[in-house]
Amino acid sequence: MKLPNAEEMRGLDKASINDYFIPGIVLMENAGLGTVRMMEDEIGSAANSFALIFIGPGNNGGDGLVIGRHLHQRGCLPIFFFLCDPDNLTGDAATNMKIIHKLRLPFHIIDSETRVQTIPVLYKQYVSRGKPCYCVFDAILGTGLSRPAIKHFAAIIDFINKSDLLWGIPVVAVDIASGMDSDNGKVLGVSVRADYTATYGCPKPGHILHHGPENTGKLQVIDIGIPPEIVQRANISTELLNKDTASALVTPLLRKDNVHKGSHGHLAVLAGSTGKTGAAVLAVKGALRIGVGLVSLFTARQLNSIFETLLVEAMTIPLPSSQSFLTALDYQTINENLTDKRAILIGPGSGTAEETAELFLELYHTTSLPMVLDADALTIIARNQGTLKEPAGPRIFTPHPGEMSRLLGCSVEEIQENRMHAAKEGCNIYSKGRKDCIMILKGAGTIITTSNNYSAINTSGNPGMATGGMGDVLSGIIGGLLCLGLPCQDASSAAVFLHGMAGDMLFDQEGFGYTATELADKLPECMNTLLCSTQHP
């Protein structure tokens, strides 16, 4: 599912109107009616109630007028609060205002902070008539917002969020919660905190990124009649990564009866050092539990007995160096043993010693296999950015915000301020012109970007995953999916969703406190769920 920004969404609307001759007022009608039907499905009939509808100056306000009219059709009294002069409405919104006038539906003009103070009095008058308030609809600002809400706009948003009078009454955002930037989820001054959001045509990046989830509530996409041909040809590069998307990505992994372990690839893992053996174990478990055929862990000789004990299903390759970490002296042995491997994973728990850095940089520049770089490998790459050359093969970088800050040489706060920009910039810098490199910026709403201008925002996962070892498991999942035959982009996206999906299953069952090992053990169930959904939609 595509995630258009505000400009791209305007382009979809414009193409529907100009190229396919769908009147804008039809799109607006479908939006408003779809919103009312959504709320009927969510909370039941609107009959014998009233609703507060806050109307702004643009098409978002026009959507609110349509919502009010359809509530009226269902026996609910819509009460409109205009934050602008309704006589100044234009286009389709003005047409709908004429209908409101003709129906003699009640409205009030709230065009100053002083008038905001009259809303509680008006609200109590309607309550005194003995009917409950069905919903509060936010049709104030919409997706085009580029500056903070101020004056009576900000005061109305505060009233919706904080008034004791509205406690327990569902708040419904029309397209996007007013006060949020639809392109990145940042709050511009103050934002409505909605319980539900009806968004039109496509979800927006702002619903998923930054403060989006906490202000969006339950999100539903309303089909307003934009032809799918328009969306397909629009060249929108950002997609929503959800269960349907992930199911399609893993469809090629359905297994035939006559397969064997060699059919499902062989992953090389370079990970672990004294005090960090757990990271290597978790990475290997991630790969094994996602279904890879074989895993070989290249390990410092001193640590081999630990891994032999903990990883009975994986093979180990003890390296010749006498150190307790990977070194450049191990390069020849490693290189000789990569001939039958489909992918290589480096970095989890490896440490950042100078000798390890020398080894990783040599592999980075000479190995044509797809390579997943995580943890300490990312730190090594960041420290050596000035001398990096074009990588020898596809590279998948998996930083959390702290690691991304080192890769880009800026603060974590700057990374979090615009995560999409940071991911794209990092991918551009480290791909060195290759079209098959991928940057995965982990965190809430994990972002996957590629050097061929594809981006995706993940919807799975929860705060319970903020614990040690989760990233190690993810790197193993990516490596495993590469070995199973998925292309780099598909492997990265599917891995991110499956990783979060396993966390969501555990959170639903147990709440916080589950471990990375437990998450890895959930992966077969998650994969099976996705594969079954492709066979039985």
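You'll find the structure just up there.
Residues numbered from 1 in each chain as written. Predicted model: local features only at pLDDT ≥ 70, side-chain atom pairs only at ≥ 80, totals over all residues. Heavy atoms only, no water.

*Asks:* Hey, could you run me through the pairing of strand β5 (residues 171-174) in this one?
*Replies:* Every other side chain in a regular strand lies on the same face of the sheet, so the side chains alternate between the two faces. Burial along β5 is two-sided: the residues Val 171 and Ala 173 and Val 172 and Val 174 are all buried. Regarding the hand of the β-α-β motif, the stretch spanning strand β4 (residues 133-139), helix α7 (residues 151-162) and β5 is right-handed. One ladder, built from three bridges, connects β5 with strand β6 (residues 196-200); its direction is parallel. Along β6, the bridge assignment pairs Val 174 with Ala 198. (Buried < 20%, exposed > 50% of the residue type's maximum accessible area, 1.4 Å probe, protein only. Helix = DSSP H or I, 4+ residues; strand = E, 2+ residues; numbered from the N terminus. Right-handed = clockwise from strand over helix to strand, strands pointing away. Pairing = 2+ DSSP bridges.)

*Asks:* How should I be thinking about the packing of aromatic side chains in this particular structure?
*Replies:* When we look at a pair of aromatic rings, we describe it by the centre distance and by the angle of the planes. Counting across every chain of the model gives eight aromatic pairs. Ring geometry for Phe 50 versus Tyr 126: centroids 6.1 Å apart, planes at 35°, classification tilted. With Phe 50 in strand β1 (residues 49-55) and Tyr 126 in helix α6 (residues 119-127), the pair connects residues that are 76 residues apart, well separated along the chain. Of the two residues, Phe 50 and Tyr 126, both sit in the buried class. Linked through ring pairs, Phe 50, Tyr 123 and Tyr 126 together constitute an aromatic cluster. In this structure, Arg 395 packs its charged tip against the face of Tyr 364, placed 5.4 Å from the ring centre. (Phe/Tyr/Trp six-rings, centres within 6.5 Å; stacked < 30°, edge-to-face > 60°. Lys NZ or Arg CZ within 6 Å of the ring centre and 35° of its normal.)

*Asks:* Hey, could you run me through the sheet that holds strand β10 (residues 294-300) in this one?
*Replies:* Sheet strands pair by backbone hydrogen bonding; their relative direction is either parallel or antiparallel. Strand order in the open sheet made by the ten strands is β8-β17-β16-β15-β14-β13-β12-β9-β10-β11, with mixed pairing throughout. The sheet terminates laterally at β8 (238-241) and β11 (315-319), the two strands that pair on one side only. Mean inter-strand twist for the sheet, computed between neighbouring axes without regard to direction, equals 20°. Bridge count for strand β9 (residues 266-270) against β10 is five bridges, and the pairing is parallel. Along β10, the bridge assignment pairs Leu 267 with Val 295. Against the sheet, helix α16 (residues 376-383) touches β12 (343-346), β13 (371-373) and β14 (395-397), its axis set at about 90° to β13. (Axes fitted to C-alpha atoms, helices over the stretch in contact; angles between N-to-C directions. Contact = heavy atoms within 4.5 Å.)

*Asks:* Where do I start with a negative patch on the surface in this structure?
*Replies:* Side chains of Glu 354, Glu 355, Glu 358 and Glu 362 sit close together on the surface and give a patch of like negative charge. Within the secondary structure, Glu 355 sits in helix α15 (residues 354-366). On the basis of relative accessibility, which here comes to 34%, the residue Glu 355 falls in the partly exposed class. (Patch = residues over 30% accessible without salt bridge, like charges linked within 9 Å, V, L, I, M, F, W, Y side chains within 5 Å. Areas by Shrake-Rupley, 256 points an atom, 1.4 Å probe, with all protein chains shown as cover. Salt bridge = Lys/Arg side-chain N within 4 Å of Asp/Glu carboxyl O. Lys, Arg positive; Asp, Glu negative; His and termini not counted. Charge placed at Lys NZ, Arg CZ, Asp CG, Glu CD.)

*Asks:* Help me understand α7 in this model?
*Replies:* An α-helical turn contains 3.6 residues, so any two residues separated by three or four positions project in the same direction. When the terminal C-alpha atoms of α7 are compared, their 16 Å separation across twelve residues agrees well with the 16 Å that a helix rising 1.5 Å per residue should span. Within α7, nine of the twelve residues are buried, which leaves it mostly tucked inside the rest of the structure. Along α7, the residues classified as buried are His 152, Phe 153, Ala 154, Ala 155, Ile 156, Ile 157, Phe 159, Ile 160 and Asn 161. Against the buried residues of α7 lie β1, α5 (113-116), α6, β4 and β5. (Expected span 1.5 Å × (residues − 1).)

*Asks:* Even after reading the chapter, I still don't get the layout of surface pockets, so can you show me in this structure?
*Replies:* Summary: where empty space remains is shown by rolling a probe the size of a single water molecule over the atoms. Volume-wise, the largest pocket comes out at about 910 Å³. Lining the largest pocket are 36 residues, with Gly 443, Ala 444, Thr 446, Asn 462 and Met 465 positioned closest to its centre. Elements that contribute at least two residues to the lining of the largest pocket include exactly α8 (205-208), α9 (212-216), β7 (218-222), α20 (470-483) and α21 (488-510). Counted by class, the lining of the largest pocket contains eleven nonpolar, 18 polar and seven charged residues. Put simply, the second largest pocket is a space of about 600 Å³. Among the elements of the structure, α1 (6-18), α2 (24-43), α3 (59-73) and α4 (91-103) are those that each provide at least two residues to the lining of the second largest pocket. Tallying contributions element by element places α1 first for the lining of the second largest pocket, with six residues. Its residues assigned to classes, the lining of the second largest pocket shows eleven nonpolar, eight polar and six charged. (1 Å grid on protein atoms, 1.4 Å probe; cavity = no way out; pocket = protein on both sides within 12 Å on 5 of 7 lines; lining within 4 Å. Points joined across faces, edges and corners; volume = space filled by probe spheres on them. Nonpolar A, V, L, I, M, F, W, Y, C, P; charged D, E, K, R; others polar.)

That is the geometry; function is a separate question.
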